[in-house]
Amino acid sequence: MGSIDFNGLLAGVTTLASSNLKDYLNEATADGKKLLESLKADIQIWNNELVEGKISATDLEFLIMAKKEEMEMEGLKQAGVAEIKIDQFKNGILKLIVKTLEGLT
Amino acid sequence: MKKTYLSALFRHLTLLVVVLSFAACATISSFDQYAYAQTTSLKVDALNTMDLATGNYSTNEKTIQELQTKLQKAYEYEKNRPKNEITLKMWTILLDSNGHLLGGFITRWEKEQKLNAVFIQEEKKIVGDAFDQIAGLESQKIKPTDIKTN
């Protein structure tokens, strides 16, 4: 029976952590940008619709508040995705350990 | 021979303990096909019902009640899933009758009886996106089959 390669395991864990974090940051940044761009475009459209009399000031206020609540939900979604990434990371470490131990047999 | 057998047994037991420990400390609920299907199906029902808001609330009361019952059932299902606080908070915001998403839209419809067609279309986009966020989070959750160690 061979001995456990702890250095190899550590290198694997480091690679796993940096790739997980990088993926998460890229996704979160893209989602945040997309939401901000849609907010900017929506406010412009609603403003035009208000000026043209297609919606009322009450409608506009309601839509802005709805968008704010949608952004709160986006924040929660990102928090959830972060938790998923943590679980994926833990799962990845588990697979590494199992693979390493299996290599000893 | 006996020593080899014992060491293999010990290793397998260690693996089992590690697997069980990791499984026990999952941070968030795993993917649930029923919850995902329910969310996407309710999105369609909700958006179709919102289209009716150019007409009287009282005329459409039966359809609205049916939608609300389905939403309540979905909420109860989510409430009873372990480690599901984030998804539940998202549903709470979406359905809040004092808010401005689906729950608030229905409250306003009841209060004003009819709503403006342009406003309805704009509100539908936001409510649709809100449903997509819940479904999007669910679809990213780890599938139970992915928790396998090899």
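Asker: Let's hear about the overall build of chain A: which residues, and what values?
Answerer: A tally of helices and strands in chain A yields 2 helices and 0 strands. Dimensions of chain A along its principal axes, counting C-alpha atoms only, are 80 × 15 × 15 Å. Counting contacts in chain A only where the partners sit at least 6 residues apart, residues at least 24 apart contribute 80% of the total. By element, 62% of the accessible surface of chain A is carried by carbon and sulfur atoms, the whole surface being about 6100 Å². The positive charge centre, built from 12 side chains, and the negative charge centre, built from 17, are 6 Å apart in chain A.

Asker: Requested: an account of the interface of chain B and chain A, with residues and values cited.
Answerer: Taken together, the 41 residues of chain B in the interface contact 39 residues of chain A. A combined buried area of about 3900 Å² lies between chain B and chain A, and 67% of that area is made up of carbon and sulfur atoms. Scanning the region where chain B abuts chain A turns up 1 salt bridge. Among the salt bridges present, the one from Asp 59 of chain A reaches Arg 108 of chain B, with a minimum N-O distance of 2.7 Å.

Asker: Residue-level account of the packing of aromatic side chains, with values.
Answerer: Residues and elements named next belong to chain B. Scanning the model with the defined rule gives 7 aromatic pairs over all chains in all. Judged by centre distance (5.6 Å) and plane angle (90°), the ring pair of Tyr 57 and Trp 109 falls under edge-to-face. Of this pair, Tyr 57 sits in the loop between helix 2 (33–51) and helix 3 (61–79) while Trp 109 sits in helix 5 (residues 102–112); the two residues are 52 residues apart in sequence, bridging distant segments of the chain. Trp 109 matches Tyr 57 in its accessibility class, with the two residues each being buried. Residues Trp 91 and Phe 131 carry aromatic rings whose centres are separated by 5.9 Å and whose planes lie at 85° to one another, so their mutual orientation is edge-to-face.

Basis of the calculations
- Residues numbered from 1 in each chain as written.
- Chains lettered and ligands numbered in written order.
- Predicted model: local features only at pLDDT ≥ 70, side-chain atom pairs only at ≥ 80, totals over all residues.
- Heavy atoms only, no water.
- Helix = DSSP H or I, 4+ residues; strand = E, 2+ residues; numbered from the N terminus.
- Contact = heavy atoms within 4.5 Å.
- Areas by Shrake-Rupley, 256 points an atom, 1.4 Å probe, with all protein chains shown as cover.
- Lys, Arg positive; Asp, Glu negative; His and termini not counted.
- Charge placed at Lys NZ, Arg CZ, Asp CG, Glu CD.
- Buried area = accessible area lost by both parts, 1.4 Å probe.
- Salt bridge = Lys/Arg side-chain N within 4 Å of Asp/Glu carboxyl O.
- Phe/Tyr/Trp six-rings, centres within 6.5 Å; stacked < 30°, edge-to-face > 60°.
- Buried < 20%, exposed > 50% of the residue type's maximum accessible area, 1.4 Å probe, protein only.

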